[in-house]
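Secondary and tertiary structure notes
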Amino acid sequence: MINFVVATHAESSPIITFYKLKQIKSDSIFQVFRNKNNNIFLIISGIGKVRSASATMYLYSVHTKTKNQIWINIGICGHKNHPLGNGYLINKITDKSTNKNFYPILAFSHTFSTNSCITCDKPNFNYCESLYDMESSGFFCTALKFSSSEIVHLFKVISDNETNKINF
């Protein structure tokens, strides 16, 4: 089973279309989607690490309830000078508010570029050589409660940089 945790509908739309996901009727604050075979789920968490963690917990406890499934967080991020639209697998996560580091294990062959990511509590425009987002640490810490680290991954796409800032 594959579980996607995505912050916004705009970020999730290509995944929903590609996998032909349909929304599950839900009484929660989260929108949950699944494919007809019930082996691909997607939840829209909202922005921030607490929402990402909550959505990951919700998806596990309400819809999947099986340990050691694949968990993937896909979303946008900022960087000092990476071109807009470039994608990166995350190889290190730093939670800026706690200074804790987490290391996803990339135990598979791939041709993606990798980068570290700093999770901030609010938008950050003091770019450095790491990517910046607002969900990674919350997602990763929570997904590790249900799966081993080699099947919990994060993929981030550059949405802003020093010359192309995003408006919040």
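In case you missed it, the structure is sitting above this.
In short, a report on the structure. (Residues numbered from 1 in each chain as written. Predicted model: local features only at pLDDT ≥ 70, side-chain atom pairs only at ≥ 80, totals over all residues. Heavy atoms only, no water.)

1. A closer look at the overall build of the protein chain
- Counting its regular elements, the protein chain contains three helices and 10 strands.
- Relative to the compact-globule value of 15 Å for 168 residues, the protein chain shows a C-alpha radius of gyration of 15 Å, a close match.
- By its C-alpha atoms, the protein chain is 40 × 30 × 30 Å across when sized along the principal axes.
- Counting only residues that meet the buried cut, the protein chain has 48% of its 168 residues in that class.
- Partitioning the intrachain contacts of the protein chain with sequence separation of at least 6 by distance along the chain shows that 65% fall at a separation of at least 24.
- Accessible surface, the protein chain as shown: approximately 8,600 Å² in total, 54% of it carbon and sulfur.
- Averaging the positions of the 17 positive and the 10 negative side-chain charges in the protein chain gives two centres separated by 8 Å. (Helix = DSSP H or I, 4+ residues; strand = E, 2+ residues; numbered from the N terminus. Rg over C-alpha atoms; globule rule 2.2 N^0.38 Å. Buried < 20%, exposed > 50% of the residue type's maximum accessible area, 1.4 Å probe, protein only. Contact = heavy atoms within 4.5 Å. Areas by Shrake-Rupley, 256 points an atom, 1.4 Å probe, with all protein chains shown as cover. Lys, Arg positive; Asp, Glu negative; His and termini not counted. Charge placed at Lys NZ, Arg CZ, Asp CG, Glu CD.)

2. As for the packing of helix α2 (residues 49-64) against helix α3 (residues 136-143)
- Put simply, α2 and α3 touch, their axes get as near as 7 Å, and they point 30° apart. The orientation of α2 relative to α3 falls into the category roughly parallel. The interaxial crossing formed by α2 with α3 has right-handed handedness. Facing Lys49, Ser52, Ala53, Thr56 and Met57 of α2, the residues of α3 in contact are Ser137, Gly138, Phe139, Thr142 and Ala143.
- Broken down by class, the residue content of the contact of α2 with α3 amounts to four nonpolar, five polar and one charged. (Axes fitted to C-alpha atoms, helices over the stretch in contact; angles between N-to-C directions. Parallel < 35°, antiparallel > 145°, perpendicular 65-115°, else oblique. Left-handed = near helix turned anticlockwise from the far one by under 90°. Nonpolar A, V, L, I, M, F, W, Y, C, P; charged D, E, K, R; others polar.)

3. Overview of the packing of aromatic side chains
- For the coordinates displayed, the defined rule picks out eight aromatic pairs.
- For the ring pair Phe4 and Tyr19, a centre distance of 5.8 Å and an interplane angle of 35° mean the geometry is tilted. Highlighted residues: Phe4 in strand β1 (residues 2-6) and Tyr19 in the loop between α1 (9-18) and β2 (22-23), separated in sequence by 15 residues.
- Tyr19 sits in the partly exposed class, given a relative accessible area of 30%.
- Ring geometry for Trp71 against Phe146: centres 6.1 Å apart, planes inclined by 40°, an arrangement best described as tilted. One end of the pair, Trp71, is in strand β5 (residues 70-78); the other, Phe146, is in the loop between α3 and β10 (152-160), and 75 residues separate them in sequence.
- For Trp71, a relative accessible area of 0% translates into the label buried. (Phe/Tyr/Trp six-rings, centres within 6.5 Å; stacked < 30°, edge-to-face > 60°.)

4. Looking at the state of the cysteines
- This model, assessed by the stated rule, comprises zero disulfides.
- Take Cys77: it sits in no disulfide, and the sulfur closest to it among the cysteines is that of Cys117, at 6.1 Å.
- Overall, Cys77 belongs to the buried group, its relative accessible area being 2%.
- Cysteine Cys128 shares no disulfide, and the gap to the nearest cysteine sulfur, in Cys120, comes to 8.9 Å. (Disulfide = S-S within 2.5 Å.)

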